[in-house]
Amino acid sequence: MSDTALETSTDDLAGRLAHPRFPRSSHYDVRWTIDNQMGPHALWLLEWLAPALGLDALRPGARVLDLGCGRAMTSVFLAREYGVQVTAADLWVGPDDNARRIAEAGFADRVLPVRAEAHELPFSEGTFDAIVSIDAYQYFGTDDLYLPTLTRLLKPGGRIGVVVPGLREEIEGAEPPGHLAPHWDPGFWAFHSPAWWRRNWTRTGAVTVETADWLEDGWRDWLLWSEVCAEESTDEVMARMARDSVDLLKADAGRLLGFARVVGRRD
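Residues numbered from 1 in each chain as written. Predicted model: local features only at pLDDT ≥ 70, side-chain atom pairs only at ≥ 80, totals over all residues. Heavy atoms only, no water.

Undergrad: So, the state of the cysteines: which residues are in play, and what are the values?
TA: The tally for this structure, following the rule as stated, stands at zero disulfides. Among the cysteines around cysteine 69, which has no disulfide bond, cysteine 229 carries the closest sulfur, lying 18 Å off. Take cysteine 69: its relative accessible area is 6%, and that puts it in the buried class. In this structure cysteine 229 comes out as buried when scored by relative accessible area, which is 1%. (Disulfide = S-S within 2.5 Å. Buried < 20%, exposed > 50% of the residue type's maximum accessible area, 1.4 Å probe, protein only.)

Undergrad: Describe in detail the pairing of strand 4 (residues 128-134), supporting the description with residues and values.
TA: With seven of seven residues buried, strand 4 is to be regarded as a mostly interior element. In terms of strand pairing, strand 4 meets strand 5 (residues 154-167) through six bridges, oriented parallel. In the sheet register, phenylalanine 128 faces strand 5, and the bridge partner there is leucine 154. Taken together, strand 4, helix 6 (residues 146-151) and strand 5 form a β-α-β motif whose crossover is right-handed. (Helix = DSSP H or I, 4+ residues; strand = E, 2+ residues; numbered from the N terminus. Pairing = 2+ DSSP bridges. Right-handed = clockwise from strand over helix to strand, strands pointing away.)

Undergrad: With reference to specific residues and values, describe the packing of aromatic side chains.
TA: For the structure shown, the criterion picks out 17 aromatic pairs. On the basis of an interplanar angle of 35 degrees and a centroid distance of 5.4 Å, the ring pair of tyrosine 28 and phenylalanine 77 is categorised as tilted. With tyrosine 28 in the loop between helix 1 (3-17) and helix 2 (30-35) and phenylalanine 77 in helix 4 (residues 73-82), this residue pair connects regions lying 49 residues apart in the sequence. A connected cluster of aromatic rings, assembled from ring pairs, spans Tyr137, Phe140, Tyr146, Trp196, Trp197 and Trp201. (Phe/Tyr/Trp six-rings, centres within 6.5 Å; stacked < 30°, edge-to-face > 60°.)

Undergrad: An account of the pattern of salt bridges is requested, with residue identities and associated values reported.
TA: Enumeration according to the criterion identifies 20 salt bridges in this entry. One salt bridge connects lysine 250 with glutamate 227, and the closest N-O pair in it is separated by 3.9 Å. Residue lysine 250 is located in helix 9 (residues 236-252), and its partner glutamate 227 is located in helix 8 (residues 218-232); the two are separated by 23 residues in the primary sequence. Among the residues examined, glutamate 227 registers a relative accessible area of 22% and is labelled partly exposed. When the shortest N-O distance is used, the salt bridge between arginine 265 and aspartate 267 registers 3.0 Å. Several salt bridges share partner residues, and in doing so they unite Asp56, Arg59, Asp129 and Lys155 into one network. (Salt bridge = Lys/Arg side-chain N within 4 Å of Asp/Glu carboxyl O.)

Undergrad: Please give an account of the packing of helix 3 (residues 42-53) against helix 4 that cites residues and values.
TA: Running from N to C, helix 3 and helix 4 point in directions that differ by 45 degrees, and their axes come no closer than 10 Å. It follows that helix 3 is oblique to helix 4 by the angle criterion. When the axes of helix 3 and helix 4 are compared, the crossing they make is right-handed. For the pair helix 3 and helix 4, the contacting residues are Ala42, Leu43, Leu46, Glu47 and Ala50 in the first and Met73, Thr74, Phe77, Leu78 and Tyr82 in the second. (Axes fitted to C-alpha atoms, helices over the stretch in contact; angles between N-to-C directions. Parallel < 35°, antiparallel > 145°, perpendicular 65-115°, else oblique. Left-handed = near helix turned anticlockwise from the far one by under 90°. Contact = heavy atoms within 4.5 Å.)

Undergrad: How would you explain the sheet that holds strand 5 if you had to name every residue and give the values?
TA: Pairing is mixed in the open sheet, where seven strands are placed in the order 3-2-1-4-5-7-6. A single partner strand is all that each edge strand has here, and the edge strands are strand 3 (111-115) and strand 6 (208-214). Taking the axes of each pair of neighbouring strands and ignoring which way they run, one obtains an average angle of 15 degrees across the sheet. Strand direction decides the pairing type here: strand 5 and strand 7 (residues 257-265), joined by nine bridges, are antiparallel. Bridging across to strand 7, isoleucine 160 finds its partner in glycine 264. Running at roughly 165 degrees to strand 6, helix 7 (residues 194-204) makes contact with strand 5, strand 6 and strand 7 of the sheet.

Undergrad: For helix 3, give the residues involved together with the corresponding values.
TA: A rise of 1.5 Å per residue sets the reference length of helix 3, with its 12 residues, at 16 Å; its end C-alpha atoms lie 16 Å apart and thus fit the reference within 8%. Burial in helix 3 covers these residues: Ala42, Leu43, Trp44, Leu45, Leu46, Glu47, Trp48, Leu49, Ala50, Ala52 and Leu53. Looking one or two places after helix 3, you find glycine 54, whose phi comes out positive at around 100 degrees. (Expected span 1.5 Å × (residues − 1).)

Undergrad: Any details on the pairing of strand 2 (residues 85-90)? Residues and values, ideally.
TA: Counting buried residues along strand 2, five of its six residues qualify, which places the element largely inside the surrounding structure. Pairing of strand 1 (residues 63-67) with strand 2, which is carried by five bridges, proceeds in the parallel orientation. Residue pairing in the sheet places aspartate 66 in a bridge with alanine 88 of strand 2. Each parallel crossover has a hand, and the one from strand 1 via helix 4 to strand 2 is right-handed. Across five bridges, the pairing between strand 2 and strand 3 is parallel. In the strand pairing of strand 3, valine 86 is matched with valine 111. In terms of handedness, the path from strand 2 via helix 5 (residues 95-105) over to strand 3 forms a crossover that is right-handed.

Here's what the structure looks like:
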């Protein structure tokens, strides 16, 4: 492909993915976001989370734990957009890989990549002003005993905010809905409604829940992004996962699937 053709293709993609709800994300190179994606559009979801988390939690110089940061796109976004100091923690992506990506983005002085398992975080109590997790918390946070162990890392008054794939309403029974059965993965049982997350967090006593809500038409954003990644990803594993997501979301057509946002404050 010629440089001109590549530029045109990139411009076309940027136009296709320009989202009025997420203007900050639109400034990021679309090839960079596609090449480093590991699921739904993490920058869109973080941009949705940020206002609910509050400017105090994301004030310049604040210390933020980006838990399950993947390839550190969200960590770079936090450093660039809000001027915070980020600890980018992930189990699946090595810190050397993320360190290279962070340095290339120009934020080696603000983002520290570490390898960490969510149940064995190597940080002291009261280390962080905020904890953020995008498309990751469902993998480890549904345990009723988990939140209190995590929020001890927050300073008093600090906030935790997550965005996760979720359900508009809880599924009754032990079988997936019929329209989703051909596409169902057992891991989807970790998807829950905003009301479920509110109850789960509230009854721990670890935080005061300030937000537990639903991204209206979030499934359409997820579908669009999956279609683009299925077409454009050079990583065959990621492209296949995107194709699976397209099939899942088209089958559901907004009946159940989307995104939940949850924010809590440590008292």
